[in-house]
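Chain by chain, the residues:
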Amino acid sequence: MPGLLSAAADEHLLLLGPHDPYLDTADRSVLLEDARLHRYVWKTVANPGAVLLGGRIAGVWTAVKQNGLSVSIRLFGPLSAPQRRTLAERAEAYAAFRMQKLNAVTIAAMDDGLLCASQI
């Protein structure tokens, strides 16, 4: 487990799908320290996907298919403009994988329960 804990230095951004085995850890605080945010990631029904930054959960994402694909990302903390562009690229790759046109990517930062959205 020391390798997992030291992964935070790695700045890779990933979009993990809902119910990815990586998220099935018994100790959820290893992936997301703030227990108040656990309810956004692990739900009884219809889990969202998870945004990983350096092996830790940095937000959640969902995709809606309607004449293409619209991806909505909610971040638990701030990301730089290049990191946000990387997330948009990951959403484009996901749409291509699903053989769908990407209609929109919305990235919203959660700040004390308030969402501040920006379209990419």
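Residues numbered from 1 in each chain as written. Predicted model: local features only at pLDDT ≥ 70, side-chain atom pairs only at ≥ 80, totals over all residues. Heavy atoms only, no water.

Colleague: Hey, could you go over the overall build of the protein for me, with residue numbers and the actual values?
Modeller: Summing up its helical and strand segments, the protein has 3 helices and 6 strands in all. For the protein, buried positions account for 37% of its 120 residues. Nonlocal contacts in the protein, meaning residues at least 24 apart in sequence, comprise 54% of its contacts between residues at least 6 apart. Of the roughly 7200 Å² of accessible surface on the protein, a fraction of 56% belongs to carbon and sulfur atoms. (Helix = DSSP H or I, 4+ residues; strand = E, 2+ residues; numbered from the N terminus. Buried < 20%, exposed > 50% of the residue type's maximum accessible area, 1.4 Å probe, protein only. Contact = heavy atoms within 4.5 Å. Areas by Shrake-Rupley, 256 points an atom, 1.4 Å probe, with all protein chains shown as cover.)

Colleague: Lay out the packing of aromatic side chains in plain terms, naming residues and giving numbers.
Modeller: One pair of aromatic rings is described through two measures. These are the centre distance and the angle between the planes. Using the criterion set out here, one finds 2 aromatic pairs in the structure. With centroids separated by 5.0 Å and ring planes inclined at 75 degrees, the aromatic side chains of W61 and Y94 adopt a geometry described as edge-to-face. Within this pair, whereas W61 is found in strand β3 (residues 56-65), its partner Y94 is found in helix α3 (residues 81-97), the two being separated by 33 residues in sequence. (Phe/Tyr/Trp six-rings, centres within 6.5 Å; stacked < 30°, edge-to-face > 60°.)

Colleague: For the pattern of salt bridges, give the residues involved together with the corresponding values.
Modeller: Considering all chains together, one arrives at 2 salt bridges under this definition. Here R56 makes a salt bridge to E33, at a shortest N to O gap of 3.0 Å. Of this pair, R56 sits in strand β3 while E33 sits in the loop between β1 (13-16) and α2 (38-41); the two residues are 23 residues apart in sequence, bridging distant segments of the chain. Under the relative-accessibility criterion, E33 is labelled exposed at 63%. (Salt bridge = Lys/Arg side-chain N within 4 Å of Asp/Glu carboxyl O.)

Colleague: So what about the environment of R39? Which residues, and what values?
Modeller: Looking at where R39 falls in the secondary structure, it is placed in helix α2. A distance of 3.0 Å separates polar atoms of two side chains, one belonging to R39 and the other to Y40. (Polar contact = N/O pair within 3.5 Å; in protein donor to acceptor, adjacent residues only side chain to side chain.)

Colleague: Please set out the environment of E92 residue by residue, giving values where relevant.
Modeller: Structurally, the position occupied by E92 is in helix α3. Residue classification places E92 among the partly exposed residues on the basis of a relative accessible area of 48%. Sequence separation between E92 and S70 is 22 residues; the distance between their C-alpha atoms is 9.9 Å.

Colleague: So what about the environment of A108? Which residues, and what values?
Modeller: As for its placement among the helices and strands, A108 is situated in strand β5 (residues 102-111). Judged by its relative accessible area of 7%, A108 is buried. Residues A108 and S72, spaced 36 residues apart in sequence, show a C-alpha to C-alpha distance of 7.8 Å.

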